[in-house]
Amino acid sequence: MASASLASASSGARPGSGRARARRIARRRERGACAALMAPFLVLLVVVFLVPVGGAVWLSFFSDDQPGLGFGPERTVFAGLRSYEAVLSDPTFLAGLGTAALYCLVYIPLMVVAALALGLLLDSGAVRLRRTAQLALFLPHAVPGIIAAIIWLYLYTPGLSPVLDLLAKADLTVDFLGVHLVLPSIVNIAVWSNLGYNVIIFYAALQAVPREVIEAAVVDGAGPVRTALQVKVPLVRSSAVMVMMFTLIWSLQLFTEPMLLSQSTPVVGSRFTPNMYIYDAAFTRNNYGLAAAASVVLLVVTIALSYGLSRWTNRAARAPEEAAR
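Computed from a predicted model, the values in this text were never measured in an experiment.

Calculation rules
Residues numbered from 1 in each chain as written. Predicted model: local features only at pLDDT ≥ 70, side-chain atom pairs only at ≥ 80, totals over all residues. Heavy atoms only, no water. 1 Å grid on protein atoms, 1.4 Å probe; cavity = no way out; pocket = protein on both sides within 12 Å on 5 of 7 lines; lining within 4 Å. Points joined across faces, edges and corners; volume = space filled by probe spheres on them. Helix = DSSP H or I, 4+ residues; strand = E, 2+ residues; numbered from the N terminus. Nonpolar A, V, L, I, M, F, W, Y, C, P; charged D, E, K, R; others polar. Expected span 1.5 Å × (residues − 1). Buried < 20%, exposed > 50% of the residue type's maximum accessible area, 1.4 Å probe, protein only. Contact = heavy atoms within 4.5 Å. Axes fitted to C-alpha atoms, helices over the stretch in contact; angles between N-to-C directions. Left-handed = near helix turned anticlockwise from the far one by under 90°. Core = buried A, V, L, I, M, F, W, Y, C linked by side-chain atoms within 4.5 Å. Phe/Tyr/Trp six-rings, centres within 6.5 Å; stacked < 30°, edge-to-face > 60°. Parallel < 35°, antiparallel > 145°, perpendicular 65-115°, else oblique. Patch = residues over 30% accessible without salt bridge, like charges linked within 9 Å, V, L, I, M, F, W, Y side chains within 5 Å. Areas by Shrake-Rupley, 256 points an atom, 1.4 Å probe, with all protein chains shown as cover. Salt bridge = Lys/Arg side-chain N within 4 Å of Asp/Glu carboxyl O.

## As for the layout of surface pockets
Counted as a void, the largest pocket has a volume near 510 Å³. If you list the elements that add at least two residues to the lining of the largest pocket, you get helix 1 (2-60), helix 12 (274-283) and helix 13 (288-324). No other element matches the eight residues that helix 1 contributes to the lining of the largest pocket. Its residues assigned to classes, the lining of the largest pocket shows 14 nonpolar, five polar and no charged.

Okay, structure coming up:
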């Protein structure tokens, strides 16, 4: 009896141990597949992001010094936080941050609202030749940013612009490169270039909205506007957050448009935005430590604002659920 029970126990243990071994092998295969799929991303993250950021942080702690009243040989010395102190106490850098903040306050809401409105219009079916309309909206995004800026610079320049000539014939004088209109002019270039890209994002998200949900809203008596605002918009909230996040990051990197406009107007200086400040510090003043410190400061500001935007949108999304409880 004892030997039979031992034999049965040993034979019963084998299937269980076999299943456990199979589960371990399956988990190892899953982890291997995840590692293989994540490896290209991790390599690019390290090479394209972490290594340059680490190099900028390291470089920001050093500066070039010339002993002997500037007549001695130049040498690289450890400067500690001196470059960060210089950046944060420089009024031109702080003014550039203020310009970028004002640009974000104007550009981001305008971009998100306009792209969402056009996406809803395309999704509603009210637009004829929908594919042609999508292509027409997306084409400006296919134009390189520097080419787009040159096109609009031509349209903004007095004596060259046919638009300004038509306005002059109507006794209207508009200085698009003046103090009060130069920032809206830059916003206009950015909206023209990037609107179609964001419209496609919203349109794709709206196409994924279940049709039965929209049909139920129509059966309940909701009109087109109410369906769009109360049914479709809440269901594409995640796409709106993504568009806001990407637009914020791109806005803080503003460089091409003001750099080209600075060639035609004294209103846009060489340190008009944080990126222009970094470019001027590195390639005009040859102060790479200062440029690296300004880059790190801009990176920290971008991460902080992106994190704050993410927290704010998540809290706003949870508010109706908490109120319903």
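There's plenty left to go through after this.
## Some remarks on helix 4 (residues 130-142)
Because an α-helix packs 3.6 residues into every turn, residues spaced three or four apart end up facing the same way. Here helix 4 spans 19 Å end to end across 13 residues, near enough to the 18 Å set by a 1.5 Å rise per residue. For helix 4, the set of buried residues is A133, Q134 and P140. As for helix 4, its buried residues are in contact with helix 3 (91-124) and helix 7 (182-207).

## Focus: the packing of helix 3 against helix 10 (residues 237-252)
Relative to each other, helix 3 and helix 10 sit at 145°, their axes nearing to 10 Å. Relative to helix 10, helix 3 is oriented so that their crossing is right-handed. Every residue of helix 10 that contacts helix 3 at A100, Y103, C104, Y107, I108, M111 and V112 is listed here: V243, M244, T247, L248, S251 and L252. Partitioning the contact of helix 3 with helix 10 into residue classes produces 11 nonpolar, two polar and no charged.

## Overview of the nonpolar core
Counting residues in hydrophobic clusters, the biggest one holds 46 residues, and the most contacted among them are Y103, Y107, F202 and L261. Tallying contributions element by element places helix 7 first for this core, with 14 residues.

## Some words on the packing of aromatic side chains
Two measures describe an aromatic ring pair: the distance that separates the ring centres and the angle between the ring planes. If you walk through the whole model with that rule in mind, you get 13 aromatic pairs. Measuring from centroid to centroid gives 5.6 Å for F62 and F78, while their planes differ by 80°, and the two rings are edge-to-face. Taken together, the residues span a long stretch of sequence, with F62 in strand 1 (residues 62-65) and F78 in strand 2 (residues 75-78) at a distance of 16 residues. By relative accessible area, F78 is classed as exposed at 59%. Following the ring pairs from residue to residue traces out a cluster consisting of W58, F61, F62, F78 and Y84.

## A few points about the packing of helix 5 (residues 145-156) against helix 6 (residues 162-169)
For any two helices packed against each other, the geometry comes down to the angle between their axes and how far apart the axes lie. For the pair helix 5 and helix 6, the least separation of the axes is 6 Å and the interaxial angle reads 20°. Relative to helix 6, helix 5 is oriented roughly parallel. For the pair helix 5 and helix 6, contact is made by Y154, L155 and Y156 and by P162, V163 and L164, respectively. Looking at the contact of helix 5 with helix 6 residue by residue, the class counts come to six nonpolar, no polar and no charged.

## A closer look at a nonpolar patch on the surface
A contiguous nonpolar surface patch, about 1100 Å² in accessible area, is contributed by M38, F41, L42, V43, L44, L45, V46, V47, V48, F49, L50 and V51. Along the polypeptide, L44 turns up in helix 1. By relative accessible area, L44 is classed as exposed at 54%.

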